[in-house]
Amino acid sequence: MRFVLLDRSQMETIHLASLDVLENAGVTFLSERARRIFREAGATVDSKNKNVKISPSLIKEALRKCPSKFNLYARNPKYNLEIGADNQCMTCGGEYPYILDLETGARRLALAKDTESITKLVDALENISVGGSYLVFPSDLPEPIVHIERSVSHYKHTSKTIHWDSEGYVGKSGELGATHNLELAAVVAGGIDELTRKPIGTVSICPSSPLIYDVGLTDDVIEFVRHGVPVLIEPMDNTGATSPITLAGSLVQTTASVLAGMVLVELVRAGNPVVYGSIPLNTDMHTGIPAVGCPETALSCAGGAAMATYYGLPSAMSGGVSDSKIPDIQAGLESALTMLTTVLAGANWIRVVAGALEYHFTASFEMLAIHDEMFGMAKRIARGIEVNEDTLATALIKRVAPIGGHYMAEKHTLDHINSERFVPKLCDKRTRGDWEKAGSKDLVKVANERVKEILATHHPDPLPKDIEKELEAKKKEIEKRLLKATASA
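A brief report on the enclosed structure follows. Keep in mind the model is a prediction, meaning the values are calculated, not measured. (Residues numbered from 1 in each chain as written. Predicted model: local features only at pLDDT ≥ 70, side-chain atom pairs only at ≥ 80, totals over all residues. Heavy atoms only, no water.)

A word on helix 5 (residues 146–157)
Structural remark: α-helix, 3.6 residues per turn; residues separated by three or four positions point the same way. Cut-off, in case you're wondering: Working definition: helices are DSSP H or I runs of at least four residues, strands are E runs of at least two. Numbering for both runs from the N terminus. The length a helix should cover is 1.5 Å for every residue beyond the first. Exposure categories follow from relative accessible area, calculated using a 1.4 Å probe and restricted to protein chains: below 20% of the type maximum is buried, above 50% is exposed, and the middle band is partly exposed. Between two residues, a contact is recorded if the distance between any of their heavy atoms is within 4.5 Å.
The end-to-end C-alpha distance of helix 5 is 16 Å, a good match for the 16 Å that 12 residues give at a rise of 1.5 Å each. Of all 12 residues that make up helix 5, 11 are buried, and the element is covered over most of its length. Taken together, the buried residues of helix 5 touch helix 4 (112–124), strand 9 (162–165), strand 10 (169–170), helix 6 (177–189) and helix 18 (465–488).

Overview of helix 3 (residues 56–65)
Let me state the cut-off plainly: What the arc describes is the spread of directions from the helix axis to the C-beta atoms.
All of the buried residues in helix 3 are Leu-58, Ile-59, Ala-62 and Leu-63. With its buried residues spanning 130 degrees around the axis, helix 3 presents them on a single face. Summarising the geometry of helix 3, the exposed residues directed more than 90 degrees from the buried face are Ser-57, Lys-60 and Arg-64.

A word on the sheet that holds strand 17 (residues 281–283)
Quick note on the threshold: In short, DSSP must find at least two bridges between two strands for them to pair.
On the basis of which strands lie adjacent, the open sheet formed by 3 strands has the order 15-17-18 and mixed pairing. Edge positions in the open sheet fall to strand 15 (238–239) and strand 18 (290–291), since each of these has one partner strand only. Relative to strand 18, strand 17 is paired through 2 bridges, and the arrangement is antiparallel. Across the sheet, residue Asn-282 finds its bridge partner in strand 18, namely Ala-291.

Some points on the environment of Ala-25
Assignment of secondary structure puts Ala-25 in the loop between helix 1 (8–24) and strand 1 (27–29). In this structure, the C-alpha to C-alpha distance between Ala-25 and Lys-465, residues 440 residues apart in sequence, is 54 Å.

Structural notes on the layout of surface pockets
For the record, the criterion: Cavities and pockets were defined on a 1 Å grid built over protein atoms only: a cavity is a set of grid points that admits a 1.4 Å probe from which the probe cannot escape, a pocket is an open set flanked by protein on both sides within 12 Å along at least five of seven lines, and lining residues are those with an atom within 4 Å of any such point. Grid points are joined across faces, edges and corners, and a volume is the space filled by probe spheres set on the points. Side-chain classes are defined by residue name, with Ala, Val, Leu, Ile, Met, Phe, Trp, Tyr, Cys and Pro counting as nonpolar, Asp, Glu, Lys and Arg as charged, and the others, Gly among them, as polar.
Of the volumes computed, that of the largest pocket is approximately 440 Å³. As for the largest pocket, its lining consists of 21 residues, and the residues nearest its centre are Gly-94, Glu-95, Asp-165, Cys-206 and Met-236. Across the lining of the largest pocket, the residue classes tally to 9 nonpolar, 7 polar and 5 charged.

Some thoughts on the pattern of salt bridges
In plain terms, the rule: We count a salt bridge whenever a side-chain nitrogen from Lys or Arg sits within 4 Å of a carboxyl oxygen from Asp or Glu.
Here the structure, examined in full by the defined rule, presents 30 salt bridges. For the salt bridge of Glu-223 with Arg-226, the shortest nitrogen-to-oxygen distance reads 2.8 Å. Highlighted residues: Glu-223 and Arg-226, both in helix 8 (residues 215–226), separated by 3 residues, approximately one helical turn. Of the residues examined, Glu-223 reaches a relative accessible area of 12% and is grouped as buried.

Some thoughts on the sheet that holds strand 20 (residues 349–350)
Ordered in space as 6-20-19-16-14-12-9, the 7 strands form an open sheet in which the pairing is parallel. Among the strands making up the open sheet, the edge pair consists of strand 6 (89–90) and strand 9. Here strand 16 (residues 274–278) runs beside strand 19 (residues 315–317); their pairing, made up of 3 bridges, is parallel. By the bridge assignment, Gly-277 is partnered in strand 19 with Ala-316.

As for empty space enclosed by the protein
Tallied over the full model, the rule gives 2 cavities of 30 Å³ or more. Considering only enclosed or pocket space, the largest cavity measures out at about 60 Å³ in volume. Ile-205, Tyr-213, Thr-218, Val-221, Ile-233, Gly-261, Leu-264 and Val-265 are the residues that line the largest cavity. Secondary structure elements with two or more residues in the lining of the largest cavity: helix 8 and helix 9 (247–268). In terms of residues, the lining of the largest cavity owes the most to one element, helix 9, which gives 3 residues. Its residues placed into classes, the lining of the largest cavity shows 6 nonpolar, 2 polar and no charged.

Details of the nonpolar core
The cut-off we apply is this: Joining through side-chain atoms within 4.5 Å is the link that ties buried Ala, Val, Leu, Ile, Met, Phe, Trp, Tyr and Cys residues into a set, and such a set is a nonpolar core.
Formed by 118 residues in total, the largest nonpolar core has its most connected members in Tyr-155, Trp-164, Met-262 and Leu-368. Formed by 10 residues, the second largest nonpolar core is a distinct cluster that contains Phe-70, Leu-72, Leu-81 and Cys-89.

Some remarks on the packing of helix 4 against helix 5
Definition in use: Between N-to-C directions, angles cover 0 to 180 degrees, with each direction set by a line fitted to C-alpha atoms, over the stretch in contact for helices. Angle categories: roughly parallel below 35 degrees, roughly antiparallel above 145, roughly perpendicular from 65 to 115, and oblique for all the rest. Each crossing gets its handedness from the near helix: less than a right angle anticlockwise from the far helix is left-handed, clockwise is right-handed.
It is at 9 Å that the axes of helix 4 and helix 5 come closest, and there the two elements cross at 40 degrees. Classified by the interaxial angle, the pair formed by helix 4 and helix 5 is oblique. Considering the relative orientation of helix 4 and helix 5, their crossing is right-handed. Contact residues: Thr-115, Glu-116, Thr-119, Lys-120 and Asp-123 in helix 4; Arg-150, Ser-153, His-154 and His-157 in helix 5.

What follows is the structure, encoded as structure tokens:
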């Protein structure tokens, strides 16, 4: 079941407008390394202005090399993922500075201990497919080593796949964050060659709007691509501020930005997976404050998913977010409407969503559990109604209905009970009397209790002892070097 936002003619029009922008206006690549790669491929490069103009033929050739789907390999094979086609999954993300305390509900700065708890929680939640180690930015760790600590926490507390944000050049060390994450990942994957053959994670880059690729982040992604890591290109175009206020115009800019990054990836390593991503924002022109929990976000995500399908690329959209400050009715309303639209539009990856509140600033344990359930419901709606001889149940109806019977004990009911119905973990379906006897708890209270139960009882698949020992040694080696560089700077 799909929501079709753009017809073929409209997608073609957006595509041609994006080509026009790339060929005649170009994109700013601040990285000399990237400009050199483009120059050698025949693009028009203005070194003074750091502008790169990309021809339609270069874009067409890069698209020809891009796979329409790819695989991610988890430490536990049951969590392996195929990204693309009709597959849909959800993940955390965001590097949010704040979190709502699980005990008090008060907003506070995120801490390293939260990363461990979030990752363990995500390991237990069935509808979140990628570990949550990048949901928050711990304030109690030295900034140069945050990416290292989060990655190691992921490997220790979940056997699901990982996602890295591009880090750029770390502190004063002159080293790329990619090199650290690749070294650590290679320990878990069984070597760098095995990591390239069977990637255990993805990396994202958020180009600055309008149409600017940063030095460090771009160089970081180039290093990841050299080792076969799939790349999510996720512009954060802000309608009315850093992109046109019209959704069509903003979609042209987003598409142009994604295509430019895609060409660079394919020039570095032909056939490397690229995901068409988007984290759309919308500035309230009355207040100047950006917002995400609005209809325009849903439409932008649906439009991005449509353009990804047009190009035959996997897609990653951030539908499902909210501007609410707490897990309340507003959070549920905005998250549900933007998520359902994005899922029905066919986005392969619902990204930077799970656990998010307050315009990508604050994480919530309760919202993480609620988003998990919400995505399960959205996927069930998207699956639609299957119509065949078995599901029509005509023979069964003709046998049961004339005798005034019921279907509760029929084999047909038992055969379909687990596939036809979505069974919630949080939403209450009992009578009012039973609900009152159980304490008259609202959804946030139920989610809070479920989170605490998971954290108290769930035990993720442990790392093999030899791998954990090697990982710790590698972590200490890298951190010692980075902190020494910071101290001497």
